[in-house]
Amino acid sequence: MKISLQINFSAMSVPDSLIKELEKEAGCEITKGFSDDAEIVVFAGKPEVGRNTIFMQSVSAGVNHVNFKDIPENVTVCSNADAWSIPVAEHAFALLLSKYKNICKSNSLIRNGQYERELSESLYGRTLGIMGYGGIGREMARIARVFRMKTLGFGRTEPKDNNLDLFTTDKLYIPENSDIMAITFPLNRYTNGFINYELLTKFRGNVILNVGRAEVVKKEDMLNYLSENPEKWFLTDVWWGEPKIREKIPDNVIVTPHVAGLAKDYMTVPLKKAFQNVSAYLKGTPKNVVNRKDYI
């Protein structure tokens, strides 16, 4: 079979040496860019479907950017769920430590000639509640154990995971029982706007963290909540309408430009995982098959 490798993503390049390695992994010929006669499309960014396409594999974990109406019903599409979990979870804790250890504030003060020593806070003993307990959530819970935190998870299916103290399908349990609420949902028709004002008002803690997608949180609800509760903090790697951010960022926000997964020494890992799933598809056992009804 022939594979069309469509990497429409500036942060990722694929050297020829890796192409050869990936061809060996999949046992197929790989063509860079669009190929109309390719049966398989591996893509990062928005893909093009060829006339012979029967299988499409995303390099990214999320597929909310894919227009499924342009993809024939007979074409199987797979996400790359869990492939980026390690650097995203690392970034989540970088955001948490930046806040709890006053990193951003201290750096800014010292650069402006102010040497002030302020007591920080510890993650030890705090409860981390994870909304959307998937690959990123599992990796976050594993790291949280090192900090000796308590861990809670919310999702649709209870995982077999020793890193959670409690799993729930009650969406209000996490905000009502967490010091830190982490949002790791993928974006689809069910999670769009899931974090709304009603849920935010139930939050007992002081820090909300988003390393999922911006639209999972209702923008006006979050901005109003932060304005009404200046002691609460929103730490996020995503923002509504990015890269064009039109709002003034509230003072109780720490934000990064959607870079959580973009660790330069890690970029080949998701690509290799994508091709491992191509091999699984050719054997009849693909993972992470997308349910189109979640997006259309």
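Since we're looking at a predicted model, the values are computed, not measured. Per chain, the residues get numbers from 1 upward, laid out in the order the sequence is written. Owing to the predicted nature of the model, reporting of local features is limited to residues with pLDDT of at least 70; listing and counting of side-chain atom pairs is limited to 80 or more, with chain, interface and lining totals taken over all residues. The basis for the side-chain values is all heavy atoms of the structure; hydrogens and waters are excluded.

Draft legend 1. Spotlight on the packing of aromatic side chains. Put simply, two rings from Phe, Tyr or Trp (the six-membered ring, in Trp's case) pair if the centres are within 6.5 Å, and we call them stacked under 30 degrees between planes, edge-to-face over 60, tilted for the rest. Tallied over the full model, the rule gives 8 aromatic pairs. Seen in terms of ring centroids, Phe55 and Tyr281 are 4.0 Å apart; in terms of plane orientation they differ by 5 degrees. Their pairing is stacked. Of the two residues, Phe55 is situated in strand E4 (residues 55-58) and Tyr281 in helix H8 (residues 268-282); the sequence distance between them amounts to 226 residues. On the basis of relative accessible area, Phe55 is assigned to the buried category, the value being 0%. Aromatic rings pair up to connect Phe154, Phe185 and Phe194 into one cluster. Criterion for a charge above a ring: Lys NZ or Arg CZ within 6 Å of the ring centre, and within 35 degrees of the ring normal. In this structure, Lys99 packs its charged tip against the face of Tyr100, placed 5.0 Å from the ring centre. If you follow Lys171 out to its NZ or CZ, it ends over the ring of Phe194, 5.5 Å from the centre. The helix count covers DSSP runs of H or I at least four residues long, the strand count covers runs of E at least two residues long, and both are numbered beginning at the N terminus. The buried label applies to any residue whose accessible area, calculated with a 1.4 Å probe on protein chains only, is under 20% of its type's maximum; exposed applies above 50%, and partly exposed to all values in between.

Draft legend 2. Just the sheet that holds strand E7 (residues 150-154), in detail. Strand order in the open sheet formed by 7 strands is E8-E7-E6-E9-E10-E11-E12, with parallel pairing between adjacent strands. Edge positions in the sheet fall to strand E8 (166-168) and strand E12 (253-255), since each has one partner strand and no second. Neighbour-to-neighbour, the strand axes of this sheet turn through a mean angle of 15 degrees, independent of strand direction. We treat two strands as partners when DSSP finds at least two bridges between them. Inspection of the sheet shows strand E9 (residues 180-183) paired to strand E10 (residues 207-210) by 4 bridges, in the parallel sense. Across the sheet, the residue bridging to Ile180 is Val207, located in E10. Across the sheet, helix H4 (residues 135-146) touches strand E6 (127-131), E7, E9 and E10, and the angle it forms with E6 is around 175 degrees. Running over the sheet, helix H7 (residues 219-228) touches E10, strand E11 (233-236) and E12 and is turned about 140 degrees from E11. Working convention: axes come from line fits to C-alpha atoms, limited for helices to the stretch in contact. Angles between N-to-C directions cover 0 to 180 degrees. Note on contacts: a residue pair qualifies if any of its non-hydrogen atoms lie within 4.5 Å across the two residues.

Draft legend 3. How the structure looks around the layout of surface pockets. Grid points spaced at 1 Å over the protein atoms alone were grouped into cavities, where a 1.4 Å probe fits but cannot get out, and pockets, open sets with protein on both sides within 12 Å along at least five of seven lines, with lining residues defined by an atom within 4 Å of a point. Grid points are joined across faces, edges and corners, and a volume is the space filled by probe spheres set on the points. Within this model, the second largest pocket holds a volume of roughly 240 Å³. Broken down by element, the lining of the second largest pocket gets its largest block of residues, 4 residues, from H8. In the scheme used here, Gly and all other residues not listed as nonpolar or charged are polar, with Ala, Val, Leu, Ile, Met, Phe, Trp, Tyr, Cys and Pro taken as nonpolar and Asp, Glu, Lys and Arg as charged. The class makeup of the residues in the lining of the second largest pocket is 2 nonpolar, 6 polar and 3 charged.

Draft legend 4. Representation of the environment of Glu231 in the model. On the secondary structure map, Glu231 appears in the loop between H7 and E11. A relative accessible area of 44% places Glu231 in the partly exposed class.

Draft legend 5. Region of interest: the pattern of salt bridges. For salt bridges, the criterion is a side-chain nitrogen of Lys or Arg within 4 Å of an Asp or Glu carboxyl oxygen. Using the criterion set out here, one finds 13 salt bridges in the structure. Across the salt bridge formed by Glu118 and Lys105, the nearest N and O atoms sit 2.8 Å from each other. Note that Glu118 is positioned in the loop between helix H3 (103-111) and E6 and Lys105 in helix H3, a separation of 13 residues in sequence. When the shortest N-O distance is used, the salt bridge between Asp251 and Lys248 registers 3.9 Å. Residue Asp251 is classed as exposed on the basis of its relative accessible area of 68%.

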